[in-house]
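A closer look at the structure
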Amino acid sequence: MSSVTRRNFLKTAGAGVLASSALVQATSSVRAAPSRQVRHAVIGLGSQGRRHAKGFEQIPNCELLAICDVDPEQRAKTLSALKNPENVKEYEDFRHILDRKDIDTISVATPDHWHAPIALAAMIAGKHVYVEKPCCHNIREGQLLVEAAEKYKKCCQHGTQSRSGQGIKDAIQFMRDGKLGKVRAAKAINHQLREPVGRAPEENPPTGVNYDLWLGPAPVHAFTRNRWHYEWHWFWDYGTGDTGNDGIHQMDIARWGLGVQFPKAVSAPGGQLFYEDDHETPDTQIATFEFDGCYLIYEMRLWTDYPLEGHDNGNVFYGDKGVLEIGRRGCEVTLIGEPKKQLGGGSDWDANARNFIECVLANNPAGLNAPITEGFASATLCHLANISTRVGRKLQYDAAKHECIGDADANKLLAREYRQGYELPKLV
Ligand SMILES: NC(=O)c1ccc[n+]([C@@H]2O[C@H](COP(=O)([O-])OP(=O)(O)OC[C@H]3O[C@@H](n4cnc5c(N)ncnc54)[C@H](O)[C@@H]3O)[C@@H](O)[C@H]2O)c1
């Protein structure tokens, strides 16, 4: 592999990443009653992690104390974007942040394959967690996150910030009030040009980067630019394709509007009609989720920038009194025989972050706008669509057991193998 070998990593960081002392601490190590000031750390500092660092720094009652990335360049870029960098300590290894007793809350904005391992370790160490979407790289991890938040009584907010957009909340309420009539179908649209990534050669990771820690639970693979920042989304070892990347926002809104949780069946034909490059994940997917009394249809086309039904990324709800659309233009309703009307605006990252801090201060996980239970359900839709595409057939889903009925190939994809030293922490 690279110049940063596994042996080097183990020498410098100490064996067993997820066996840190922090991970076996009881929740009692954290102050029983939160102070009026929440102390926050951000783990993973790409464009989204920088947004977290800058955003949490500005929230009243929240103090940013630490940032963490395995890439020193990302740490430097983040520090230079902060208002008060002198208050913030930088880390390469997230375990040292989890060891700090003065830190109450963390953001996880790493690639998807690290979301659940870090979020679980953090809750075990007594921290509240804001975890980016999709909360889990597979369905088993999502089940554990829900269990951990419940067991340790932690706030675990999911990065589906549409849940905190007032306009979207109003649009959902409009449907709950019956004003769109009986809603029997919703579309989740993910429609945009995502350029091919070409073929990237193997090379050494950039100097100073802890690539072994970046790989974490994933199998060892030589470094390539396409498996690195942002482009990892297109490899199953780390990402969930654009369905788990952008599509999850629309899946979440569709599921919320329909008022449903887990599907009983999923069929998701899809594949690569456009890419001929390093991509492993599909550029085209048409998924149908069956619930009692309604259908959710997800359409993904990554080949060109044009809007479907007026939206690139958006939702359409079909009721028997009209149609409601939620997209980048905000929320619009067209009742039969009436002109289109604006209902309100779109998603709100700042409000989602503020809501997290307020719930931590009030010790009130029930007040979260985007709780992990909802995040897990929406991530499950993305994972099931990907599994159906990968095995090439319709899945019957047993939501009580979180299993695909009678489909051993599909069930293998509900979990992953963890690289030695990076196993998931046990809930103690
Ligand atoms: N909610 C939203 O609207 C939204 C928007 C963009 C991205 N995201 C999510 O945020 C996450 C990050 O996305 P991005 O575009 O910033 O990706 P990115 O690849 O640019 O950034 C991820 C960063 O995490 C770092 N990292 C990897 N492993 C780490 C580890 N073990 N410890 C510390 N740092 C580690 C990487 O070095 C990198 O700097 C993704 O899961 C993505 O889905 C959410």
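Along every chain, residues carry numbers that run from 1 in the direction the sequence is written. In keeping with the predicted nature of the model, local features appear solely for residues at pLDDT of at least 70, side-chain atom pairs appear and are counted solely at 80 or more, and the whole-chain, interface and lining totals rest on all residues. Side-chain figures throughout are based on the complete set of non-hydrogen atoms in the structure, without hydrogens or water.

**Thoughts on the overall build of the chain**
- The helix and strand inventory of the chain stands at 12 helices and 17 strands.
- Scaling as 2.2 N^0.38, a compact globule of 428 residues should have a C-alpha radius of gyration of about 22 Å, and the chain matches this with 21 Å.
- With the principal axes as the frame, the chain shows a C-alpha extent of 70 × 50 × 40 Å.
- Within the chain, contacts between residues separated by at least 24 positions form 71% of all contacts whose residues are at least 6 apart in sequence. Secondary structure is summarised from DSSP: a helix means a run of H or I of at least four residues, a strand means a run of E of at least two, and numbering begins at the N terminus for each. It is over C-alpha atoms that the radius of gyration is taken, and the globule rule equals 2.2 Å times the number of residues to the power 0.38. Whether two residues are in contact is decided by their heavy atoms, any of which lying within 4.5 Å being enough.

**Quick look at the packing of helix H5 (residues 115–124) against helix H6 (residues 139–151)**
- Fitted lines through C-alpha atoms serve as axes, helices being fitted only where they are in contact, and the angles separating the N-to-C directions of these axes extend from 0 to 180 degrees. For the pair H5 and H6, the least separation of the axes is 10 Å and the interaxial angle reads 20 degrees. Relative to H6, the element H5 is oriented roughly parallel. For the crossing formed where H5 meets H6, the hand is left-handed. Only Glu141, Leu144, Leu145, Ala148 and Ala149 of H6 make contact with H5, whose side of the interface consists of Ala116, Pro117, Ala119, Leu120 and Met123.
- Each residue receives one of three labels: charged for Asp, Glu, Lys and Arg, nonpolar for Ala, Val, Leu, Ile, Met, Phe, Trp, Tyr, Cys and Pro, and polar for the others, Gly being one of them. Along the lines of polarity and charge, the residues of the contact of H5 with H6 split into nine nonpolar, no polar and one charged. Convention used here: angles under 35 degrees read as roughly parallel, angles over 145 as roughly antiparallel, angles from 65 to 115 as roughly perpendicular, and any remaining angle as oblique. By definition, any crossing whose near helix is turned counterclockwise from its far helix by less than a right angle is left-handed, and any crossing with a clockwise turn is right-handed.

**Let's talk about the confidence of the model for the chain**
- Across the chain, the average pLDDT comes to 92, with 91% of residues at 70 or higher.
- Residue-level confidence of the predictor is what pLDDT reports, using numbers from 0 through 100. In the predicted structure, residues 1–17 sits below a pLDDT of 50 and forms 39 contacts with residues beyond four places in sequence or in another chain.

**Here we look at the pattern of salt bridges**
- The salt bridge definition used is simple: a Lys or Arg side-chain nitrogen within 4 Å of an Asp or Glu carboxyl oxygen. Here the structure, examined in full by the defined rule, presents 24 salt bridges.
- Measuring nitrogen to oxygen at the nearest pair gives 2.8 Å for the salt bridge that ties arginine 255 to glutamate 374. Placement of arginine 255 in helix H9 (residues 241–258) and of glutamate 374 in helix H11 (residues 372–391) is noted, with a sequence separation of 119 residues between them.
- Under the scheme applied here, a residue whose accessible area is under 20% of the maximum for its type counts as buried, over 50% as exposed, and between as partly exposed, the area being computed with a 1.4 Å probe on protein chains only. The buried category is assigned to arginine 255, whose relative accessible area is 1%.

**Here we look at the site of the ligand**
- Around the ligand, 28 residues are found, and the nearest of them are Asp69, His115, Lys133, Gln161 and Trp232.
- For this analysis, a polar contact is any N or O atom pair within 3.5 Å, provided that within protein one partner can donate a hydrogen and the other can accept it, and provided that sequence-adjacent residues contribute only side-chain to side-chain pairs. In the model, a nitrogen atom of the ligand is placed 3.0 Å from a nitrogen or oxygen of the glycine 159 main chain.
- At 2.9 Å from an oxygen atom of the ligand is found a main-chain nitrogen or oxygen belonging to tyrosine 230.
- Each accessible area is a Shrake-Rupley estimate made with a 1.4 Å probe; only the visible protein chains count as cover when residues are assessed. Calculation on the ligand without its partners gives an accessible area of 860 Å², and the protein chains cover 94% of this total. Note on terminology: near, applied to a residue and a molecule or strand, indicates that one of the residue's heavy atoms is within 4 Å of it.

**Considerations on the packing of aromatic side chains**
- What counts as a ring pair is set by centres within 6.5 Å for rings of Phe, Tyr and Trp (its six-membered ring), and what kind of pair is set by the plane angle: stacked under 30 degrees, edge-to-face over 60, tilted for all other angles. The full count for this structure, using the stated rule, is 16 aromatic pairs.
- Ring centres of phenylalanine 56 and tryptophan 349 lie 5.8 Å apart, and the angle between their planes is 85 degrees; this geometry places the pair in the edge-to-face category. Taken as a pair, phenylalanine 56 in helix H2 (residues 47–57) and tryptophan 349 in helix H10 (residues 349–361) lie far apart in primary sequence, 293 residues in all.
- Among the aromatic residues, those joined into a cluster by ring pairs are Tyr211, Trp214, Phe223, Trp228, Phe235 and Tyr238.
- Over the aromatic face of tryptophan 236 sits the side chain of arginine 390, whose NZ or CZ is 4.2 Å from the ring centroid. Placement of a positive charge over a ring is assigned whenever Lys NZ or Arg CZ falls within 6 Å of the ring centre and within 35 degrees of the normal to the ring plane.

**Here we look at the nonpolar core**
- Buried residues of nine kinds, namely Ala, Val, Leu, Ile, Met, Phe, Trp, Tyr and Cys, make up a nonpolar core once their side-chain atoms join them within 4.5 Å. In terms of nonpolar packing, the biggest core is built from 96 residues, with Ile106 and Phe289 touching the most fellow members.
- A per-element tally of this core places H11 first, with nine residues.
- Domains are outlined according to an automatic or database domain assignment. When residues of this core are assigned to domains, at least three map to each of domain 1 (6–163 + 352–372) and domain 2 (166–198 + 225–347 + 379–407).
- The next biggest cluster of nonpolar side chains, apart from the first, holds 14 residues, and it includes Cys62, Trp349, Phe356 and Leu368.

**Digging into the pairing of strand S7 (residues 183–191)**
- Most of S7 sits out of view: eight of its nine residues are buried.
- Two strands make a pair as long as DSSP finds a minimum of two bridges between them. Bridging between S7 and strand S12 (residues 313–319) involves seven bridges; their strand directions are antiparallel. Looking at S12, one finds that isoleucine 189 is bridged to glycine 314.
- Looking at chain direction, S7 and strand S11 (residues 294–301) are connected through seven bridges and run parallel. Along S11, the bridge assignment pairs histidine 191 with arginine 301.

**Considering the domain arrangement of the chain**
- Taken as a whole, the chain is organised into domain 1 (6–163 + 352–372) and domain 2 (166–198 + 225–347 + 379–407).
- Using C-alpha coordinates to define each centre, domain 1 is positioned 27 Å away from domain 2.
- At the interface, 21 residues of domain 1 touch 27 residues of domain 2.
- Taken as a group, Ile139, Ser162 and Arg163 account for 34% of the area that domain 1 buries against domain 2, more than any other trio of residues on that side.
- Where domain 1 touches domain 2, the interface holds one salt bridge.
- Its salt-bridge partner being arginine 163, residue aspartate 252 comes within 2.9 Å of it at the nearest N-O pair.
- Summed over the shared surface of domain 1 and domain 2, the result is nine residue pairs in polar contact (both at pLDDT 80 or more).
- Ranked by residue count, the leading element in the side of domain 1 that touches domain 2 is H6, at three residues.
- Class assignment for the residues of the side of domain 1 that touches domain 2 results in five nonpolar, 11 polar and five charged. Each of two parts loses accessible area, computed with a 1.4 Å probe, when they are put together; buried area is these two losses added.

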